[in-house]
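# Structural characterization, general
What follows is each chain in one-letter form.
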Amino acid sequence: MRRLAVTGSEGFVSSGTGAGAGSGSLEVIVPDAGAAIRWACHGYPNSLAKWHYHPQFEIHLIREGTGQLMAGDGLLPFEPGHVALIGSNLPHNWLSDLMPGERLVNRDVLCHVRPQTIRMLSSAFPETSGFEQVLRRASHALVLSGESARDVADVLVGMGDHSPSRRVADLITMLSVFEQAPAGESRTVVTPEYNPAVAVGAESGVNAAITYISAHLDDVSLEGAANAASMSVSTFSRFFKRVAGVGFADFVRRLRVGRACRMLICTDMPISRIQRISGYDNASNFNRRFRDETGMTPSAYRKMHAMR
């Protein structure tokens, strides 16, 4: 029998059982009484920030930090100002590149709405019929950049101070930006072949593995991740690639390079120490992996950001 357990005071409820706190099979989002739109904000790490899915579509802004967006079988780097529209029942997570002991107090701002609500709106107001195409693209994780992302971010942040009726206008404004965004400022992350059904029942294993990887990034192993997920190595390797859309080694490399990028920008730590903290034993391997992900050496990356 499934259990329902409230995970926070923002109207989020986790359903199901699993290893680790808050790692249920479904996130049930309870809107405010008499409201169709649920607005929330939180920091990171947070019990709400995990690999999960829910029936509502989600408009999400990252205000602090850098990291990787996991959505379906896609993995995309993010930085402050990142705006995404996540479709109904599409598994997703934002993993920030944190230094040990670091916390981002104001990382996330988001709102949730059921797709049926937008479809009812479109049936009453034909002028909004284009929103249906937006929701179809959101099923593959729709990400904005440039002026379009800034426009949605401003509205989404302001929504927190608005009345319920004003929030309806805010939602229409944001969906209009998604609909009208130029091709160069709008892209999807998930491949057309991805089947969200592969996520059903997988949350406990994925979240246990992610927790292990994040805590042991400097000395992570496939065996350790498999143990955390309570699987054999061979089973876990296949499972992770199928559900997360990226192989275990590639996933770890991206997180390690992401951590190195953050330290190169935010600290004056010697590159040799950053190399070790990022989990690389020798400079040549570190430089090669870093160049694969960023197109430049660690020293060139630091110099470029120092000039900015």
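Look above for the structure.
Heads up: these notes are all about the structure in this document. (Residues numbered from 1 in each chain as written. Predicted model: local features only at pLDDT ≥ 70, side-chain atom pairs only at ≥ 80, totals over all residues. Heavy atoms only, no water.)

A tally of helices and strands in the protein yields eleven helices and twelve strands. Counting only residues that meet the buried cut, the protein has 49% of its 308 residues in that class. Within the protein, counting contacts between residues at least 6 apart in sequence, those at least 24 apart form 69% of the total. With the model as given, the accessible surface of the protein reaches about 14200 Å², and the carbon-plus-sulfur share is 53%. (Helix = DSSP H or I, 4+ residues; strand = E, 2+ residues; numbered from the N terminus. Buried < 20%, exposed > 50% of the residue type's maximum accessible area, 1.4 Å probe, protein only. Contact = heavy atoms within 4.5 Å. Areas by Shrake-Rupley, 256 points an atom, 1.4 Å probe, with all protein chains shown as cover.)

The six strands lie next to each other as 4-10-5-8-11-12, forming an open sheet whose pairing is antiparallel. Unpaired on one side and paired on the other, strand 4 (38-44) and strand 12 (186-188) mark the two borders of the sheet. On average, each strand axis in the sheet is inclined to that of its neighbour by 20°, with strand direction left out of account. Sheet topology places strand 11 (residues 142-144) next to strand 12; three bridges connect them, and they run antiparallel. Bridging across to strand 12, Leu-142 finds its partner in Thr-188. (Pairing = 2+ DSSP bridges. Axes fitted to C-alpha atoms, helices over the stretch in contact; angles between N-to-C directions.)

Attention shifts here to the packing of helix 1 (residues 115-124) against helix 2 (residues 131-138). Between helix 1 and helix 2, whose axes approach to 10 Å, the crossing angle comes to 160°. Taken as axis vectors, helix 1 and helix 2 run roughly antiparallel relative to one another. The way helix 1 lies across helix 2 gives a crossing that is left-handed. Counted together, Pro-115, Ile-118, Arg-119, Leu-121 and Ser-122 of helix 1 and Phe-131, Glu-132 and Leu-135 of helix 2 form the full contact between these two elements. Its residues assigned to classes, the contact of helix 1 with helix 2 shows five nonpolar, one polar and two charged. (Parallel < 35°, antiparallel > 145°, perpendicular 65-115°, else oblique. Left-handed = near helix turned anticlockwise from the far one by under 90°. Nonpolar A, V, L, I, M, F, W, Y, C, P; charged D, E, K, R; others polar.)

Turning to the packing of aromatic side chains, a few remarks are in order. Across all of its chains, the model carries eight aromatic pairs by this definition. With 5.2 Å between their ring centres and 65° between their planes, Phe-240 and Phe-251 make a pair best called edge-to-face. Of this pair, Phe-240 sits in helix 7 (residues 233-244) while Phe-251 sits in helix 8 (residues 248-266), and the two are eleven residues apart along the sequence. As far as the burial class goes, Phe-240 and Phe-251 line up, both buried. Put simply, the rings of Phe-236, Phe-239, Phe-240, Phe-248 and Phe-251 pair up and form one aromatic cluster. Cation over ring: Arg-256 sits above Tyr-280, and NZ or CZ is 5.5 Å from the ring centre. (Phe/Tyr/Trp six-rings, centres within 6.5 Å; stacked < 30°, edge-to-face > 60°. Lys NZ or Arg CZ within 6 Å of the ring centre and 35° of its normal.)

With that settled, the discussion passes to the side chain of Gln-275. On the secondary structure map, Gln-275 appears in helix 9 (residues 271-277). The exposure class assigned to Gln-275 is buried, which follows from its relative accessible area of 8%. Apart from residues no more than four positions distant in its own chain, Gln-275 is found in contact with Tyr-280, Asp-281, Asn-282, Ala-283 and Phe-286.

What follows concerns the pattern of salt bridges. Summed over all chains, the structure comprises seven salt bridges. Ionic pairing is found between Arg-262 and Glu-102, a salt bridge with its closest N-O pair at 2.6 Å. Of this pair, Arg-262 sits in helix 8 while Glu-102 sits in the loop between strand 9 (92-96) and strand 10 (104-113); the two residues are 160 residues apart in sequence, bridging distant segments of the chain. You can call Arg-262 buried: its relative accessible area is 12%. Note that Arg-166 and Asp-170 form a salt bridge whose closest N and O atoms lie 3.8 Å from each other. Placement of the pair is Arg-166 and Asp-170 together in helix 4 (residues 164-180), with a separation of four residues, close to one helical turn. Looking at Arg-166, the relative accessible area reads 45%, which means it is partly exposed. Linked by salt bridges that have partners in common, Asp-250, Arg-253 and Glu-293 make up one network. (Salt bridge = Lys/Arg side-chain N within 4 Å of Asp/Glu carboxyl O.)

The two faces of the sheet receive side chains in turn, since in a regular strand these alternate between them. With respect to burial, strand 5 (residues 57-62) is a largely interior element, six of its six residues being buried. Neither face of strand 5 is exposed, since Phe-57, Ile-59 and Leu-61 on one face and Glu-58, His-60 and Ile-62 on the opposite face are all buried. In this structure, strand 5 lies alongside strand 10, joined through six bridges in antiparallel fashion. Bridge pairing links Ile-62 to Asp-108 in strand 10.

The next thing to look at is the pairing of strand 9. Within strand 9, five of the five residues are buried, which leaves it mostly tucked inside the rest of the structure. With five bridges connecting them, strand 6 (residues 67-71) and strand 9 associate as antiparallel partners. In the strand pairing of strand 9, Leu-69 is matched with Trp-94.

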